[in-house]
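Letter by letter, the chains look like this.
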Amino acid sequence: MSAGSSCSRHATNRSSVCNVNDNDHNSEYCENNDHDWTLWRRFVGSISRGGAFVQRPASASVPNKSAKHPKTTQVHGHSNSSSSDTTHRQEPTEKLHPLKDEPNLYNLPTSIRPEYQTVPIVVKMILGFVSVLLSSIRSSTALGSIGKAPLQKLGFVFKACAYFILSMAAVQDLFYAPSRISMTALLGNKWLPSRFSQYSVVHASVPQQLVYKEDVGRLQIDPIGVHFLEYKNDDKSLDDVDDDKYTFDAIHFNHGFGASSLSWLPAIPSLVQKLNGKLGLAHDAPGFGFTDRPVSSGKKGGLVPYSSAANAAIGNVLLTNRWLGDEEKIKRVALFGHSMGCSATLKMALTLPLEVEKVVVLVAPALVGEFQDDKDGSKEEGDALSPSQEVQTSVKQLVQSQPSRVRELVAKFLAAIRTVVLDFGVMYVLRRLVGRPGFWKNGLRLAWGDPNRLTESDVLRFQWPSIGKGWESGLLSFTRSRIASSCAYRGGEVQLLCDVLRLPNTRVILVQGTKDPIVPVSMAERIADHCQNRIRLIKLDGQGHDPFEESVDVFVQSVLSEIQK
């Protein structure tokens, strides 16, 4: 089945990638709010700035909220149509342009606000006056008689400051908040971040070897829309029959925590070309970037899509389906993983066919698990569980012993309490934190080995995904899946690495920056020592946590030299 088909299915794991033309959707206004509310916000904003209010043209329509998945495969480039039922499409409101220093990355639309905007001074003065007035009324004190009692005066000032801070936060959230855009609106306006960007609905299931026996009933993942980058070497067609000239049939990249596939964007073309790969792929893990964020509240197994096992399943589905939908034709692949994404990369390697030759490159691996004695290369069937795993097992047994209807009601009740008491507050704090001007720049400077190497395009690659609707809830769901050990690998991720090293036709390379403040070089050294002579460690002097972004040429050359040995 060719890549241009509407839905390529793999018979072994019943997984597929369904592609539909983007002409099936009308252009939609990026704010993803009701039209009247949008006009009201712009009207108030125009008054506070002292400017005139001008209504937007009618071409900005309200998004179709009933659509479960945006029916779009690719925004910048060719599209594969599988639907004859198309509707009229209006022109996008703005065309994006590539950056000068990074031509594969597009600028943000000018109508998008990735950060909180400054409240105008006129609005601040009004809020200050109202705050003093409210404090005076609440204190039952006339404005002219304040100060006779010190405690009374202090209470008045405290209340006025509290009213001012709360009113400022409310006004900023209502009228000057960061933009949050649905994927449907992004696709409708052709506003994806890179010329390599594509979007497909993926059907995947978690392989049984990646989960505990008690999780076997939670292997199926609901169809999920996935944003990914696809780079074809020299723009060769995937139908090109002369594949022997390529060293690697495909090269896949997994990103780390808080990032997206865009973090690999500077290195993908160079790595694919110099490693002589035919195809380069990098996808956004569920919870990050522009991949869909499934609802997890009160649903059995609802956190499974956010697990590293599900992320690996999605990666392998993309890998096999973008390669003509035939797994048997893949002979050699290179799999790259960064930080927390290394776990998904290892699970991809473990579940690909044994005949496929694999080169696994782990960059600053953040692997969780105990360093068990692995000299004999065997694993006991009855390995002892850690204390935390014992507690989780006990809780699962207690819950599963209850009737199914009781379990469902308890799960929904606990999810509702968690949503009201915890989730809203955490998501609001995340929104305020990420929306602060300079947040990404200041954070990335801490992760870089040399902060002076940080560029505006580096910051933009992390800022782009934060405009996606549901960004905060996705991050929260991913974190919860890690805490709950959803689809955890038995023995931990260090044991997972040892199991991958036992596979035939498999090499593993570690790459570590010597000035990494997040995953210290000592951790990579310990992993290499634990695996003895079965793994190769490359240390990059002066590099931080993201060496493939901080110094692309040094990273590519170091990896290339090691792979070609």
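Residues numbered from 1 in each chain as written. Predicted model: local features only at pLDDT ≥ 70, side-chain atom pairs only at ≥ 80, totals over all residues. Heavy atoms only, no water.

Undergrad: Just to check I follow, could you spell out the overall build of the chain for this structure?
TA: Tallying secondary structure elements over the chain gives 16 helices and 10 strands in all. Per-residue burial for the chain yields a buried fraction of 52% across its 565 residues. Counting contacts in the chain only where the partners sit at least 6 residues apart, residues at least 24 apart contribute 80% of the total. Here the chain has roughly 26,300 Å² of accessible surface; of this, 57% comes from carbon and sulfur atoms. (Helix = DSSP H or I, 4+ residues; strand = E, 2+ residues; numbered from the N terminus. Buried < 20%, exposed > 50% of the residue type's maximum accessible area, 1.4 Å probe, protein only. Contact = heavy atoms within 4.5 Å. Areas by Shrake-Rupley, 256 points an atom, 1.4 Å probe, with all protein chains shown as cover.)

Undergrad: I'm lost on the pattern of salt bridges in this one. Help?
TA: Side-chain pairs of opposite charge can arise where the charged atoms are in close proximity. Tallying each qualifying case throughout the model produces 13 salt bridges. A salt bridge links Arg-502 to Asp-499, with the nearest nitrogen and oxygen atoms 2.3 Å apart. Judged by relative accessible area, which is 32%, Arg-502 ranks as partly exposed. Overall, Asp-499 belongs to the buried group, its relative accessible area being 10%. Of the charged contacts in the structure, one is a salt bridge between Lys-539 and Glu-525, with a shortest N-O distance of 2.5 Å. Here Lys-539 is found in strand 10 (residues 536-540), whereas its partner Glu-525 is found in helix 14 (residues 521-530), with 14 residues between them in sequence. With relative accessibility at 42%, the residue Lys-539 sits in the partly exposed group. The class of Glu-525 is partly exposed, set by a relative accessible area of 28%. Several salt bridges share partner residues, and in doing so they unite Glu-102, Asp-458, Arg-461 and Glu-549 into one network. (Salt bridge = Lys/Arg side-chain N within 4 Å of Asp/Glu carboxyl O.)

Undergrad: Help me understand the nonpolar core in this model?
TA: The nonpolar side chains of a soluble globular protein tend to be buried, and buried together. Counting 52 residues, the largest nonpolar core has Val-206 and Leu-497 as its most contacted members. Per-element tally for this core: the top contributor is helix 6 (residues 308-322), with eight residues. Excluding residues that lie within four positions of it along the chain, Leu-497 makes contacts with Leu-346, Leu-362, Leu-367, Val-508, Ile-527, Cys-531 and Ile-535. One finds Trp-264, Leu-265, Ile-467 and Val-556 within the second-largest nonpolar core, a separate group that totals 49 residues. (Core = buried A, V, L, I, M, F, W, Y, C linked by side-chain atoms within 4.5 Å.)

Undergrad: Just to check I follow, could you spell out the side chain of Asp-546 for this structure?
TA: Position of Asp-546 among the secondary structure elements: in the loop between strand 10 and helix 15 (547-550). For the buried Asp-546, no salt bridge exists, and the shortest N-O distance to an oppositely charged side chain is 7.5 Å, to Arg-461. If sequence neighbours within four positions are ignored, Asp-546 has contacts with His-338, Ala-447, Trp-448 and Phe-462. (Lys, Arg positive; Asp, Glu negative; His and termini not counted.)

Undergrad: Just to check I follow, could you spell out the environment of Val-202 for this structure?
TA: Within the element layout of this structure, Val-202 appears in strand 3 (residues 197-205). Residue Val-202 is classed as buried on the basis of its relative accessible area of 1%. As for Val-202 and Ile-314, which are separated by 112 residues in sequence, their C-alpha atoms are 7.0 Å apart.

Undergrad: Honestly, the packing of helix 10 (residues 439-447) against helix 11 (residues 456-463) in this entry has me stumped. Any pointers?
TA: In helix packing, the relevant descriptors are the interaxial angle and the interaxial distance, both defined with respect to the helix axes. Following both chains from N to C, one finds helix 10 and helix 11 inclined at 110°, their axes separated by 9 Å at the closest point. In this view, helix 10 runs roughly perpendicular relative to helix 11, as classed from their interaxial angle. Remark: the crossing between helix 10 and helix 11 carries right-handed chirality. Contacts from Trp-440, Lys-441 and Leu-444 in helix 10 reach Glu-456, Asp-458, Val-459, Phe-462 and Gln-463 in helix 11. (Axes fitted to C-alpha atoms, helices over the stretch in contact; angles between N-to-C directions. Parallel < 35°, antiparallel > 145°, perpendicular 65-115°, else oblique. Left-handed = near helix turned anticlockwise from the far one by under 90°.)

Undergrad: Please explain the pairing of strand 5 (residues 250-254) as it appears in this structure.
TA: It is a general feature of regular strands that their side chains alternate between the two faces of the sheet. Judged by how many residues are buried, strand 5 sits mostly within the fold: five of five residues are covered. Side chains of strand 5 alternate between two faces, with Ala-250, His-252 and Asn-254 and Ile-251 and Phe-253 buried alike. In the sheet, strand 5 pairs with strand 7 (residues 332-338) via five bridges, with the strands oriented parallel. Following the sheet pairing, Asn-254 is matched in strand 7 by Gly-337. (Pairing = 2+ DSSP bridges.)

Undergrad: Looking at this structure, how should I read the packing of aromatic side chains?
TA: Following the criterion strictly, the structure yields 14 aromatic pairs and no others. Aromatic side chains Trp-264 and Phe-548 sit 3.8 Å apart centroid to centroid with 10° between the ring planes, which places their arrangement in the stacked category. Separated by 284 residues along the polypeptide, Trp-264 in the loop between strand 5 and helix 5 (268-274) and Phe-548 in helix 15 bring together distant segments of the chain. Here Trp-264 falls in the buried class, since its relative accessible area comes to 0%. Centroid distance Phe-548 to Phe-555: 5.8 Å. Interplanar angle 65°. Geometry classified as edge-to-face. In terms of burial, Phe-548 and Phe-555 fall into one category: buried. Ring pairing ties together the aromatic residues Phe-253, Trp-264, Phe-336, Phe-548 and Phe-555, which thus form one cluster. In this arrangement the basic side chain of Arg-432 is found over the ring face of Tyr-116, its NZ or CZ atom lying 4.2 Å from the centre. (Phe/Tyr/Trp six-rings, centres within 6.5 Å; stacked < 30°, edge-to-face > 60°. Lys NZ or Arg CZ within 6 Å of the ring centre and 35° of its normal.)

Undergrad: Hey, could you run me through helix 3 (residues 150-175) in this one?
TA: Its 26 residues give helix 3 an end-to-end C-alpha distance of 37 Å, which sits within 8% of 38 Å, the value for a rise of 1.5 Å per residue. Those residues of helix 3 not exposed but buried are Phe-156, Ala-160, Ser-167, Met-168, Val-171, Gln-172 and Phe-175. (Expected span 1.5 Å × (residues − 1).)

Undergrad: Is there a simple way to think about helix 12 (residues 471-483) in this case?
TA: Between its first and last C-alpha atoms helix 12 spans 19 Å; for 13 residues at 1.5 Å apiece the expected length is 18 Å, and the two agree. Along helix 12, the positions that sit buried rather than exposed are Trp-471, Glu-472, Gly-474, Leu-475, Leu-476, Ser-477, Phe-478, Arg-480 and Ser-481. Backbone geometry just after helix 12 places Ser-485 at a positive phi near 55°.

Undergrad: Just to check I follow, could you spell out the environment of Ser-339 for this structure?
TA: Within the element layout of this structure, Ser-339 appears in the loop between strand 7 and helix 7 (342-351). As for Ser-339 and Leu-367, which are separated by 28 residues in sequence, their C-alpha atoms are 7.8 Å apart. Each residue touching Ser-339, except ones within four places of it in the same chain, is listed here: Gly-256, Val-363, Ala-364, Pro-365, Ala-366 and His-545.

Undergrad: It is not clear to me how the side chain of Gln-198 should be interpreted in this structure. Could you clarify?
TA: Summarising the element assignment, Gln-198 is placed in strand 3. Among the polar contacts listed, one links the side chain of Gln-198 to the side chain of Glu-230, at a separation of 2.7 Å. (Polar contact = N/O pair within 3.5 Å; in protein donor to acceptor, adjacent residues only side chain to side chain.)

Undergrad: Is there a simple way to explain unusual backbone geometry in this structure?
TA: A negative phi angle is the norm for most residues apart from glycine, just as the trans form is the norm for most peptide bonds. Phi at Lys-190 is positive, roughly 55°, even though this residue is not glycine. Relative to the helices and strands, Lys-190 resides in the loop between helix 4 (183-188) and strand 3. Here Asn-505, not a glycine, exhibits a phi torsion of approximately 60°, which is positive. Mapped onto the fold, Asn-505 is located in the loop between helix 13 (493-501) and strand 9 (506-513).

Undergrad: Hey, could you run me through the packing of helix 7 against helix 13 in this one?
TA: For the pair helix 7 and helix 13, interaxial distance at closest approach is 10 Å and the crossing angle is 35°. For the element pair helix 7 and helix 13, the recorded crossing hand is left-handed. Residues Ser-343, Leu-346, Lys-347, Ala-349 and Leu-350 of helix 7 touch helix 13, and the partners they reach there are Glu-493, Leu-496, Leu-497, Asp-499 and Val-500. Counted by class, the contact of helix 7 with helix 13 contains six nonpolar, one polar and three charged residues. (Nonpolar A, V, L, I, M, F, W, Y, C, P; charged D, E, K, R; others polar.)

In short, geometric facts, not functional conclusions.
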